[in-house]
There are 2 protein chains.
Amino acid sequence: MADNNRIWTAALLVIGDEILSGRTQDKNIAQVASWLGVQGIRLAEVRVVGDRTEAIVEAVNTLRARNDYLFTTGGIGPTHDDITVDAVAEALGVGVEIHPEARAILEGYYATRGGLNEARLRMARVPAGADLIPNRMSGAPGIRIENVFLMAGVPSITAGMLDALTGELEGGAPLLSETIGSWVQESEIADLLRETERVHEGCAIGSYPFFREGRVGANFVVRSTEPAVIEAAVEALATGLRALGREAVPGGV
Amino acid sequence: MADNNRIWTAALLVIGDEILSGRTQDKNIAQVASWLGVQGIRLAEVRVVGDRTEAIVEAVNTLRARNDYLFTTGGIGPTHDDITVDAVAEALGVGVEIHPEARAILEGYYATRGGLNEARLRMARVPAGADLIPNRMSGAPGIRIENVFLMAGVPSITAGMLDALTGELEGGAPLLSETIGSWVQESEIADLLRETERVHEGCAIGSYPFFREGRVGANFVVRSTEPAVIEAAVEALATGLRALGREAVPGGV
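> Which residues make up the overall build of chain A, and what values go with them?
When its secondary structure is counted, chain A shows nine helices and twelve strands. Projected onto its principal axes, the C-alpha coordinates of chain A cover approximately 70 × 45 × 35 Å. Here chain A, with 253 residues, has 49% of them falling under the buried criterion. Counting only contacts in chain A whose residues sit at least 6 apart along the sequence, the fraction spanning at least 24 positions is 69%.

So, in structure tokens, the structure goes:
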């Protein structure tokens, strides 16, 4: 039976020079974060490192030790800069082997696409003892070993791998959230936010200001695992906003 | 005189529950990365942590020690979840004080916007001994202390703070890059990429595959501080691609 008080956490390690150079805008952090929320797992921390073995090994060993799960994105393709499998194997102190099922998948996928060459066979290499994560998009599978999940860097392929993992991982109560917005400067109602969070135990309130259509406003996101706590805190915010002569817009503005 | 062999590095710490929950898609990593590149400073690593003092302190102390510069984004606003200033002060072992110039800036900014209340005055708090980073967008300044730069979470405000810092930080030779693309599966030319990188000392080649218009292709980014090295490596890639009967598209496809 699930223990609803146990908080399950995950870390994400984004691997790739293209993120650190600014060439590519990362989309996997938000995607993995949202997916984890639905699984009842909280994304506790993210790191981005380049294509350097030492940096990957350090991050993998720190993050997998202090979280229930570690996900990585990037560096599992066929080229020389794809070093994630080797680095994770080094971090775990295991060798690298060709996974027979991965090899069979790639043989099938490339049968009509020029055949399996040495570079493509690199994508069947896994840390010894690993299982595969199916990839309907492009043949090459993701990899699971212990509590570490290696996924693609291309967001659409990552999405397919996450889909394959949906419902497979143990988690706790999902963190729920509700948003309420107002055309108000957050600095006008900072006391209201702090007090509301304080008196509603088990909730966290985030304040996200914006400038839009020449006006300032803010959305307030109330998060909790308890629907009743969220409802009460949102109601308290709405009442407080109206007492100050401000609109309170359910769902946010 | 600049030492062109010295590599200057920076780390970025993104702070905010909204990134880890997936609510907000981060845009600061790519923005800061691109800006650093122009300054001749390499973004070496990024971490994302939530609004938790302990997590911020740990990351600040690790990252500032092993990089020339540390930038943070997020958590410097007026509300209860804005804890970056206090956490950085704790990491540096200094107190928190009201910066008189920041207070004057905020008094001016809010003179026609309802006046300076307690929440707004929070945005004049800095780790003791800090300097300010101008913010033309919204009054509240960024903060510089030692090699740590605290910036806003809202990307447009961060952009203004980066603009104010342009040319202010010592860096080395900028890392240059040139892209060449082809409608080719990267797994077909993995050997060409590896060999080209190997024989052109001081260059790194990244391979970025994509699926588009029903076809697969890839862009190859050659990076180096030496224009001549880039030119030679790109020419070698183009020659290699054409030898395989493939187009080589300058600038990428």
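Don't stop here, the text continues.
> Can you explain the sheet that holds strand β7 (residues 142-145) of chain B? Please cite residues and give values.
Read from one edge of the open sheet, twelve strands run β6(A)-β7(A)-β8(A)-β3(A)-β1(A)-β2(A)-β2(B)-β1(B)-β3(B)-β8(B)-β7(B)-β6(B), paired in mixed fashion. Taken across any chain shown, the strands that pair with only one partner, and hence form the sheet edges, are β6 (131-133) of chain A together with β6 (131-133) of chain B. Taking each pair of neighbouring strands and ignoring which way they run, the sheet shows an average axis angle of 20°. When β6 of chain B meets β7 of chain B, the two strands line up antiparallel, connected through three bridges. Pairing of I133 of chain B across the sheet is with G142 of chain B, part of β7 of chain B. Along the sheet, helix α7 (residues 155-165) of chain A makes contact with β3 (69-73), β6, β7 (142-145) and β8 (148-151) of chain A, crossing β6 of chain A at roughly 115°. Along the sheet face, helix α7 (residues 155-165) of chain B touches β3 (69-73), β6, β7 and β8 (148-151) of chain B and points at about 115° away from the line of β6 of chain B.

> Let's hear about the relation of the copies chain B and chain A: which residues, and what values?
With an axial shift of 0.0 Å and an RMSD of 0.1 Å, the rotation relating chain B to chain A amounts to 180°. The relationship between the two copies is best expressed as a two-fold rotation axis. Within chain B, the C-alpha atom positioned nearest to the axis of rotation is that of R47 of chain B, 2.1 Å from it. Both copies share a contact surface, since 100% of the interface residues of chain B are interface residues in chain A too.

> How would you summarise the interface of chain B and chain A if you had to cite specific residues and measurements?
In this complex, chain B contributes 44 residues to the contact, which on the side of chain A involves 44 residues. For the side of chain B that touches chain A, the leading source of residues is strand β2 (residues 41-49) of chain B, giving six residues. Broken down by class, the residue content of the side of chain B that touches chain A amounts to 18 nonpolar, 13 polar and 13 charged. Where strand β2 (residues 41-49) of chain A and β2 of chain B come together, five bridges link them in antiparallel fashion.

> For the packing of helix α2 (residues 28-39) of chain B against α7 of chain B, give the residues involved together with the corresponding values.
Residues and elements named next belong to chain B. Relative orientation of the contacting elements α2 and α7 amounts to 15°, with a least axis distance of 10 Å. By the criterion of interaxial angle, the relationship of α2 to α7 is roughly parallel. Seen along the crossing, α2 lies across α7 with a hand that is right-handed. Contact residues: N28, Q31, V32 and W35 in α2; P155, T158, A159 and L162 in α7. Split into classes, the residues belonging to the contact of α2 with α7 amount to five nonpolar, three polar and no charged.

> Go over the nonpolar core with me, naming the residues and quoting the values.
The nonpolar side chains of a soluble globular protein tend to be buried with one another. Among the nonpolar cores identified, the biggest contains 102 residues, and A10, L12 and L13 of chain A together with A10, L12 and L13 of chain B are the most heavily contacted of them. Residues contacting A10 of chain A, with those up to four places away along its chain left out, are L36, I41, L43, A44, N67, D68, Y69, L70 and F71 of chain A.

> Pulling in residues and values, what's your account of the confidence of the model for chain A?
Considering every residue of chain A, the mean pLDDT works out to 94; 98% of them sit at 70 or more. Under the prediction, the complex receives an ipTM of 0.90, its pTM being 0.91.

> Break down the sheet that holds strand β9 (residues 176-182) of chain B for me, citing the residues and quoting the values.
All names here are of chain B. Pairing is antiparallel across the open sheet formed by four strands, whose spatial order is β10-β11-β9-β12. Whereas interior strands pair on both sides, the edge strands pair on one side only; in this sheet they are β10 (204-212) and β12 (249-250). Pairing between β9 and β12: two bridges, direction antiparallel. Bridge pairing in β12 links G181 to V249. Lying over the sheet, helix α8 (residues 190-199) contacts β10 and β11 (215-224), oriented at roughly 155° with respect to β10. Packed on one face of the sheet, helix α9 (residues 227-243) meets β9, β10 and β11 and runs near 5° to β9.

> With reference to specific residues and values, describe unusual backbone geometry.
Residue and element names in this part refer to chain A. Backbone geometry at E146 places phi at a positive 50°, although glycine is not the residue there. Assignment of secondary structure puts E146 in the loop between β7 and β8. Under the C-beta neighbour-count criterion, E146 is labelled partly exposed, with 14 such atoms within 10 Å.

> Run through the domain arrangement of chain A, naming residues and quoting values.
The domain architecture assigned to chain A consists of domain 1 (8-165) and domain 2 (176-250). For domain 1 of chain A and domain 2 of chain A, the distance between their C-alpha centroids amounts to 38 Å.

> An account of the environment of V49 of chain B is needed here, citing residue identities and associated values.
Within the secondary structure, V49 of chain B sits in strand β2. With 27 C-beta atoms packed within 10 Å, V49 of chain B lands in the buried category. Separated by 35 residues in sequence, V49 of chain B and V14 of chain B have C-alpha atoms that sit 6.4 Å apart. Those residues in contact with V49 of chain B that sit more than four places away from it in its chain are E45 of chain A together with L13, I15, A55, I56 and A59 of chain B.

> Please provide a residue-by-residue account of helix α4 (residues 84-92) of chain A, values included.
Along α4 of chain A, the residues that are buried comprise T84, V85, A87, V88, A89 and A91 of chain A. In the segment just after α4 of chain A, G93 of chain A is the residue with positive phi, at about 70°.

> Requested: an account of the packing of helix α3 (residues 53-66) of chain A against α4 of chain A, with residues and values cited.
Residues and elements named next belong to chain A. The N-to-C vectors of α3 and α4 enclose an angle of 50°; their axes lie 9 Å apart at closest approach. Classified by the interaxial angle, the pair formed by α3 and α4 is oblique. By crossing handedness, the relation of α3 to α4 is classed as right-handed. Where α3 abuts α4, its residues T53, I56, V57, V60 and N61 lie against T84, D86, A87, V88, E90 and A91.

Definitions and limits used
- Residues numbered from 1 in each chain as written.
- Chains lettered and ligands numbered in written order.
- Predicted model: local features only at pLDDT ≥ 70, side-chain atom pairs only at ≥ 80, totals over all residues.
- Helix = DSSP H or I, 4+ residues; strand = E, 2+ residues; numbered from the N terminus.
- Buried ≥ 20, exposed ≤ 12 C-beta atoms within 10 Å, placed from the backbone.
- Contact = placed C-beta atoms within 7 Å.
- Pairing = 2+ DSSP bridges.
- Axes fitted to C-alpha atoms, helices over the stretch in contact; angles between N-to-C directions.
- Least-squares fit on C-alpha atoms with pLDDT ≥ 70 in both.
- Nonpolar A, V, L, I, M, F, W, Y, C, P; charged D, E, K, R; others polar.
- Parallel < 35°, antiparallel > 145°, perpendicular 65-115°, else oblique.
- Left-handed = near helix turned anticlockwise from the far one by under 90°.
- Core = buried A, V, L, I, M, F, W, Y, C linked by C-beta atoms within 7 Å.
- pLDDT = per-residue confidence, 0-100.
- Domains from an automatic or database assignment.

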